Each structure stands twice: as C-alpha cells, then as structure tokens.
Amino acid sequence: MLRNGRVYPDDHIFPSVTKSCAMMNDYRAGQSTHCLAVKVGYDFNVFVGSSVVDMYAKCGNLVDARKMFDEIPGKNVVSWSGMIYGYAQMGEDEEALRLFKEALIEDLSVNDFTFSGVIRVCGNSTLLELGKQMHGLCLKMSYHSSSFVGSALISMYSKCGVIEGAYLVFYEVLDKNLGMWNAMLIGCAQHSHTKNVFELFGKMERVGMKPNFITFLCLLYACSHAGLVEEGKYYFQLMKEQGIEPGDQHYATMVDLLGRAGKLHEAVEITKEMPMQPTESVWGALLTGCRIHGNTELAGYVADRVSILGPVSPGLHVLLSNAYAAAGRYKEAAKARKILRDRGMKKETGLSWVEEGNRIYTFVAGDRAHAKSEEIYRKLEKLGEDMARAGYVADTSYVLQEVGADEKIQSIRYHSERLAIAFALITFPPERPIRVMKNLRVCGDCHTAIKFMSRCTGRIIIVRDNNRFHRFEGGKCSCGDYW
Ligand SMILES: [Zn+2]
Ligand SMILES: [Zn+2]
C-alpha cells in the first residue's frame, strides 16, 4: 500500500509477518508488528486481526490473543482456529471445547486446523469418546487425510491408551508430515513399543523425512523407558552429528537413562557437559537415580547443588529431603521439609480416573464418595482373596518410598488406581479393556497388584501414569517392570 509517497504494509504483508513471528515463537517481534498494524489502522481488518490472534496464541500469550479475538468484527476460520488451538496448547481444555461448540453453532465453516485443535484437547483430557466423535466428523467432512488432523488423532488415541487407533491413522494417511512421524514415535515410546520406535526411525530415513529435535527426544525417551543405554548414547551422538543441538529435555532424558541404569558418574558428566544451567528435571532425574541405586553420597552432593538454586518445585523438595535423610544428614532433611511446609507447598494429590460414556469418574486414595463405593470395596476384597491365593503379598515398603504422592500409608491397598480398576471391573462389559489414567507414578506395590488383577480376572488393564503406559495382561506388564 502506498501512502504519502511511502510504502506501508497491508493486509497481505501483516499476516505473513505475524506468521513468521509465530513460527519463530518471537513474542516481542509479534507484538511490535501488532502495534504497527494498530498505527496504520489495520488491526480491525479481519485477516490481520486473525493472524494476530494466531500469533499470540502460538507464542503462548492467551490473554492478548483473547483480547484481540473478542475485538475482531466478523471473525473468520483463522481467528477461531487460532484461539481454539491456543487454549488447547496451554491445556485450557474446557475453554477450547466451549469455543468449538460456539463455532459449530454459528455454523462457521471449520477447517482441518480447527479440528486438530479440538482433537488435541480430547487427547490432553483423555476424552476418548469425544475424540472418536471428532474423528468421525473428520471422516464425514473429508479432513481425515490432512496431516494436521492425522498427527492430532495419533496423539489423541495414544494418550487415551488406544495405540492400535494411532497405528491405523498413521498408516491410513499417505502424505505424512514430520508432526505425524513424531506423534507416532512418541506414542510407541510411551506404550513400550520400543522396537517399533527404532523401525519407524529407519523408515523415516529411507523415505527422506528429516528428523528434528522432537524426533530425537522421542528416541531418547524410548531408550530411557526400556533401559537401553548403548542405543541412547548412539542417538544422542547421532543428533549432534546431524547438527541438532540437544536441549535441556534431551539432557534430562540422558541423565534419567544413565541414572536409572546405575551409571551415575556418567550421568554427572552429562550435567557438566550441558551448555545451559541444568534444569529441575535434570536434578530430579539424578536424585532419582541415586535413590534407586542407594548412592547416598552423590545424592547429598546433588542436593547441595539444588539447595543453592533457590525456590524449586514441591516434587524436587521431597526428593531433596529424602536424599539428605538417606545420607544421614537429618538436620538438612528437616530443613528441606520445613521450607516445604513454610511456603505452604502441597504435594500433588494422587488421582486416577476412568471414562465411561462421556463421563469421567475420578478417584483419590481411600475414596468413599463414589455412588458405587460399597460395591467397589466389596469387589476389591473379593479380588484380594483371589490374588492372595495366586501368590500376591503386599509390599508395604513402598509406602515409605512414595515420593511426591500424598497417599496415606494405611490406604496403600486402596490407592486411587485400584479403586478405579475395581469400578471398571463392576461397570464395563468383560470384553472391554480397562483404561485408567493417573496423575502420579504408579507405586511398586500397585504395579505388582495390578499384574495379579489382570491374571485373576483375565482382563486387559491399561494404566497411564504421569510418565508412560502400562499394559497389564495375563499377569505381565508391557513395561517389563522397568519404569
Ligand atoms: Zn500404589
Ligand atoms: Zn508396568
């Protein structure tokens, strides 16, 4: 556009600039572009306004995105999609779904991007039924071959514990983008299909799909979950050779892999190698490794390093206090606990949930608030007898080891996942696999108990904890007891 002899950006140029800012995740440049658009009077142009919404949402600033969104007259599909996707990305699922419904009511022509946003919401909230309905709608509207929709569907099915659904989508979409490959890789890694992770990576190379840092994170994650130290080192090296700089998450995963495998000194070397400050997850992984392998001296050293970091998360505080206690440094352990108390930091409450119809049923340890409570406890008692006959003995030592979980000692037999499983056993038809989601790690005793439950009932039980999936069948777990 020409004004006073000068060239100004117009409604073609502004959206492409904001798009670049979004791609580079450069909030400040995006904001300056927005300011310029206001100055030259383009902010209420629907194309410019929508692209600004999309940019703010992608940069993670939902407040600014929403402000712009509410101001645009005659919103188009880009503004709706950008806003919905933004909410979905930031885990504000309810708001995303509410907006999607509004968009459908306004009979707005939704596109594949809008769908992928909502499907991601379903995945994050493990709303399998709603996710399937969305999949059905995509098929009806012929959006299922879009790779945006494809990668969202793969991660939705995988997060809901239905890895078979993820594979189906992956092989159905012929024109796969990197997002789809990565979504499939992470799904395989979480479901312990480790061999498939390596095979898929080989296939990617053969079809000429260039891996990125997320791809390598999936590979390292798979190695760490399966305890494959040599393979992990290989891919860590390969990534550097391919010119991809490892980020803090790659380092944390390597420390986790080495630490769990007992190679604690190599793990420490990795932390020294890091070009950035080690993050909380790096220290957490190292402390966990020390705890597993009983290296109290190193744990004490790490705890000292963490202590000088300043405020850390409650979870890390618990690890810290446990590390000091294990090293016999009780004063410091008490101090760490005191800080936790003084700051009013609360450990996260253990929650498990199952989906039935379009409803989610949530349980906490020792929960007696559920309408079917009596039946649930009766089922657990009866099942407990069968399990004992099959050789199950409760291991209460896990009660003391429980970290980051606010689950009461006396209620180990009634940890939230067991209640959720019992509920599913009395509610679901026998052929249906039981899918339970949990926000914390499954404790060792529950892991053993659920193996027995799967054997005694002949049911497939899939439990997702805060880190991975466990598929229990016939007395065995897919994680091979390494988790
Ligand atoms: Zn437990
Ligand atoms: Zn397992």
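Residues numbered from 1 in each chain as written. Chains lettered and ligands numbered in written order. Predicted model: local features only at pLDDT ≥ 70, side-chain atom pairs only at ≥ 80, totals over all residues. Heavy atoms only, no water.

J.: Explanation requested: helix α1 (residues 13–23) in the structure shown.
T.: Residues separated by three or four positions in an α-helix point in the same direction, a consequence of the helix having 3.6 residues per turn. Burial in α1 covers these residues: Phe14, Pro15, Thr18, Cys21 and Ala22. Along α1, the residues classed as buried sweep out an arc of 120° about the axis, all on the same side. Facing away from the buried side of α1, by more than 90 degrees, are the exposed residues Lys19 and Met23. On the buried face of α1, the contacting elements are α2 (27–39) and α3 (46–58). Once α1 finishes, Asn25 follows within two positions and takes phi at roughly 55°, a positive value. (Buried < 20%, exposed > 50% of the residue type's maximum accessible area, 1.4 Å probe, protein only. Helix = DSSP H or I, 4+ residues; strand = E, 2+ residues; numbered from the N terminus. Arc of directions from axis to C-beta. Contact = heavy atoms within 4.5 Å.)

J.: Would you take a moment to explain helix α9 (residues 147–159) for this structure?
T.: Taking 1.5 Å per residue, 13 residues should reach 18 Å; α9 reaches 18 Å between its end C-alpha atoms and fits that length. The element α9 is largely enclosed, with a buried count of eleven among its 13 residues. At its buried positions, α9 is contacted by α7 (112–124), α8 (128–140), α10 (163–172), α11 (178–190) and β7 (469–473). The distance from a side-chain oxygen at the start of α9 to the backbone nitrogen of Phe148 is 3.1 Å, and the residue carrying that oxygen is Ser146. With its phi angle positive at about 85°, Gly161 sits one or two positions after the end of α9. (Expected span 1.5 Å × (residues − 1). Polar contact = N/O pair within 3.5 Å; in protein donor to acceptor, adjacent residues only side chain to side chain.)

J.: Is there a simple way to explain the sheet that holds β7 in this structure?
T.: Paired through backbone hydrogen bonds, the strands of a sheet run either parallel or antiparallel to each other. With mixed pairing, the six strands of this open sheet are ordered in space as β4-β3-β5-β6-β7-β8. Strands at the two margins of the open sheet, each flanked by one partner only, are β4 (359–364) and β8 (476–477). (Pairing = 2+ DSSP bridges.)

J.: What should I look at first to understand the UniProt feature "repeat: PPR" (unreviewed entry) in the chain in this one?
T.: As annotated in UniProt, the feature "repeat: PPR" (unreviewed entry) corresponds to residues 76–110, 177–211 and 212–246 in the numbering used here. With 74% helix and 0% strand, the stretch residues 177–211 has end C-alpha atoms that lie 11 Å from each other. (UniProt positions renumbered as here; feature names shortened; annotations may be inferred.)

J.: Can you help me understand the environment of His415 in this one?
T.: Within the secondary structure layout, His415 lies in the loop between α22 (397–401) and α23 (416–427). Judged by relative accessible area, His415 falls into the buried class, the value being 3%. Along the primary structure His415 and Val364 are separated by 51 residues, whereas in three dimensions their C-alpha atoms are 7.2 Å apart.

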